[in-house]
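Fold and contact review
The primary structure of each chain is shown beneath.
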Amino acid sequence: MSGPRIDRAQDGVVHRSGRGTALSALLDGLVDYAGLFPPAALPMAEVVARHATYARGSDRALLGRFVLPTARLDECAAAVDALPPALAPTGGAPWRLSVLAAVDDAPTLAVFNARERRRLVIDTVETRADAVAAMTDIAAALDGYTTYVEIPVREDPAPLVAALGAHGLRAKVRTGGVTADAFPSPAEVLRFLDACVRGGVPFKATAGLHHPLRGEYALTYAADAPRGTMYGFLNIFLAAAFLEAGLAPNQVAPLLEERDASAIVVRPESIGWRTHLLSGDAIARTRARLAGSFGSCSFEEPVQDLTSLRLR
């Protein structure tokens with residue numbers, strides 16, 4: 001799907017004329033806050049307080065689910081108990097939780113939901129599998145949840161993606177980590193995205209997506225942290241949208257490595273990348289049917305970077 005060349009932005013920043021529907025379609029609910037996990041690895045009380053603040057802040061539209069492991073569910077509930085009333089979730093708007101769980105954790109999840117559902121609701125589960133045969137047990141044990149299964153992508157993930165689709169499950173891809181070797185290659189990421197598009201299997205991403213565009217960044221928050229090449233969340237989610245819109249993988253491949261902010265132009269009704277264009281409606285369809293969210297141990301970094309690109 002291509003169109004006439006888009007006028008590039010001035011001063012090396014992404015251009016927009018107001019927060020339009022195309023941008024909202026791309027960004028709303030995109031960031032699942034995972035501050036408990038590295039490299040942030042913050043204490044539960046601090047993470048809960050931050051999530052509560054983000055949920056009431058000016059950038060709350062970007063905020064998705066609160067991510068935590070099963071083993072810390074009760075700790076989370078206790079931290080919510082300690083919030084001041086102005087920040088606590090209410091029965092009318094409970095926090096949506098995405099819980100890292102194994103199939104044996106299903107009874108624990110059910111008990112927690114029955115007890116806490118007026119303020120904390122587990123509606124999404126994230127687990128792992130590296131074999132097609134595992135999908136049957138996962139689907140049976142976690143029936144009733146939106147379930148993402150993290151799968152390896154070093155080898156062709158198409159058989160695993162197909163098995164996920166056959167069982168009504170979703171795919172999860174790890175796009176980075178705290179060491180350079182944790183990052184899959186662009187070809188591996190593209191192959192994963194293409195398999196999801198061809199199979200109609202929704203996905204989410206996790207790790208290494210703190211920034212909108214690909215570039216060299218510190219891998220942790222340590223003062224002497226090594227630096228590495230990280231993916232940008234705009235790269236990943238726009239690539240998925242263009243694949244679903246009909247661009248061939250070889251046409252989309254350069255987008256995964258795009259570092260030039262001026263190559264992306266956002267208008268109220270569309271988002272363009274170089275010679276290609278996506279309507280707001282097309283982006284909304286991709287978000288609804290295919291590209292869910294990404295987990296990030298920082299909510300502030302993505303927002304701040306979007307602001308520096310004049311997208312907020």
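Residues numbered from 1 in each chain as written. Predicted model: local features only at pLDDT ≥ 70, side-chain atom pairs only at ≥ 80, totals over all residues. Heavy atoms only, no water.

Turning next to the packing of helix α7 (residues 186-199) against helix α9 (residues 249-256). Packing of α7 against α9 brings their axes to within 10 Å, and their N-to-C directions diverge by 125 degrees. Taken together, α7 and α9 sit at an angle that is classed as oblique. Considering only the axes of α7 and α9, their crossing is right-handed. Between α7 and α9, the residues in contact are P186, V189, L190, L193 and D194 and P249, V252, A253 and L256, respectively. Here the contact of α7 with α9 is built from residues that sort into eight nonpolar, no polar and one charged. (Axes fitted to C-alpha atoms, helices over the stretch in contact; angles between N-to-C directions. Helix = DSSP H or I, 4+ residues; strand = E, 2+ residues; numbered from the N terminus. Parallel < 35°, antiparallel > 145°, perpendicular 65-115°, else oblique. Left-handed = near helix turned anticlockwise from the far one by under 90°. Contact = heavy atoms within 4.5 Å. Nonpolar A, V, L, I, M, F, W, Y, C, P; charged D, E, K, R; others polar.)

All right, on to the pattern of salt bridges then. Pairing is possible between side chains of opposite charge, provided their charged atoms come close. Applying the stated criterion to the full structure yields 19 salt bridges. Across the pair R289 and E244 runs a salt bridge whose closest N-O atoms are separated by 3.6 Å. With R289 in helix α10 (residues 280-289) and E244 in helix α8 (residues 233-244), this pair connects stretches of sequence that are 45 residues apart. Linked by salt bridges that have partners in common, D32, E126, R128, E150, K172, R174 and K204 make up one network. (Salt bridge = Lys/Arg side-chain N within 4 Å of Asp/Glu carboxyl O.)

Looking at the element boundaries, A131 is found in the loop between β4 (120-128) and α5 (134-141). Note on A131: relative accessible area 32%, which makes it partly exposed. For A131 and P159, which are 28 residues apart along the polypeptide, the C-alpha to C-alpha distance reads 9.1 Å. (Buried < 20%, exposed > 50% of the residue type's maximum accessible area, 1.4 Å probe, protein only.)

Taken together, three strands build an open sheet; the order of strands is β10-β11-β12 and the sheet is antiparallel. Looking at the sheet topology across the chains shown, the edges are occupied by β10 (264-267) and β12 (276-279). The sheet shows a mean angle of 15 degrees between the axes of neighbouring strands, direction not considered. Where β10 meets strand β11 (residues 270-273), four bridges bridge the pair, whose relative direction is antiparallel. Among the inter-strand pairings, R267 is bridged to a residue of β11, identified as S270. (Pairing = 2+ DSSP bridges.)

Turning next to the packing of aromatic side chains. What characterises a pair of aromatic rings is the spacing of the ring centres plus the angle enclosed by the ring planes. Scanning the model with the defined rule gives eight aromatic pairs in all. Between F233 and F294 the ring centres are 4.9 Å apart and the planes differ by 15 degrees, which places this aromatic pair in the stacked class. Taken together, the residues F233 in helix α8 and F294 in strand β13 (residues 291-296) connect sequence positions 61 residues apart. By the burial criterion, F233 is buried, and F294 matches it. Here the aromatic cluster, defined as three or more aromatic residues joined through ring pairs, consists of F192, F203, F233, F237 and F294. Note that K204 overlies the ring of Y148, its terminal NZ or CZ placed 6.0 Å from the centroid. The side chain of R214 reaches across the aromatic face of Y231, ending 4.6 Å from its centre. (Phe/Tyr/Trp six-rings, centres within 6.5 Å; stacked < 30°, edge-to-face > 60°. Lys NZ or Arg CZ within 6 Å of the ring centre and 35° of its normal.)

A few words now on the pairing of strand β6 (residues 170-174). Across three bridges, strand β5 (residues 146-150) lies against β6 in parallel orientation. Bridged to E150 within β6 is K172. As judged from the four bridges shared by β6 and strand β7 (residues 203-206), these two strands associate in the parallel manner. Across the sheet, R174 pairs through a bridge with T206, a residue of β7.

Before going further, it helps to spend a moment on the sheet that holds β4. Read around the closed barrel, the eight strands follow the order β1-β2-β3-β4-β5-β6-β7-β13; overall the barrel is parallel. Adjacent strand axes in the sheet meet at a mean angle of 30 degrees when their direction is disregarded. Most of the contacts of helix α4 (residues 106-116) go to β4, to which it runs at about 160 degrees, and overall it touches β3 (95-100) and β4.

Quick look at α10 now. Three or more residues of α10 are buried, namely G280, A282, I283, T286 and R287. End-on, the buried residues of α10 take up no more than an arc of 160 degrees, which puts them together on one face. The outward face of α10, more than 90 degrees from its buried face, is lined by the exposed residues D281, A288 and R289. Looking at the buried side of α10, the elements it contacts are α1 (21-27), α8, β11, β12 and β13. (Arc of directions from axis to C-beta.)

Attention now goes to the state of the cysteines. What the rule picks out here adds up to zero disulfides. Sulfur of C297: no disulfide; nearest cysteine sulfur belongs to C76 and is 17 Å away. (Disulfide = S-S within 2.5 Å.)

Note on placement: G92 falls in the loop between α3 (73-81) and β3. C-alpha separation for the pair G92 and F299, spaced 207 residues apart in sequence, amounts to 24 Å.

If you trace the backbone, L42 turns up in the loop between β1 (31-33) and α2 (44-54). It is 30 Å that separates the C-alpha atoms of L42 and I138, two residues lying 96 residues apart in sequence. For L42, the contacting residues outside a window of four places in its chain are Y33, G35, L36, V47 and R50.

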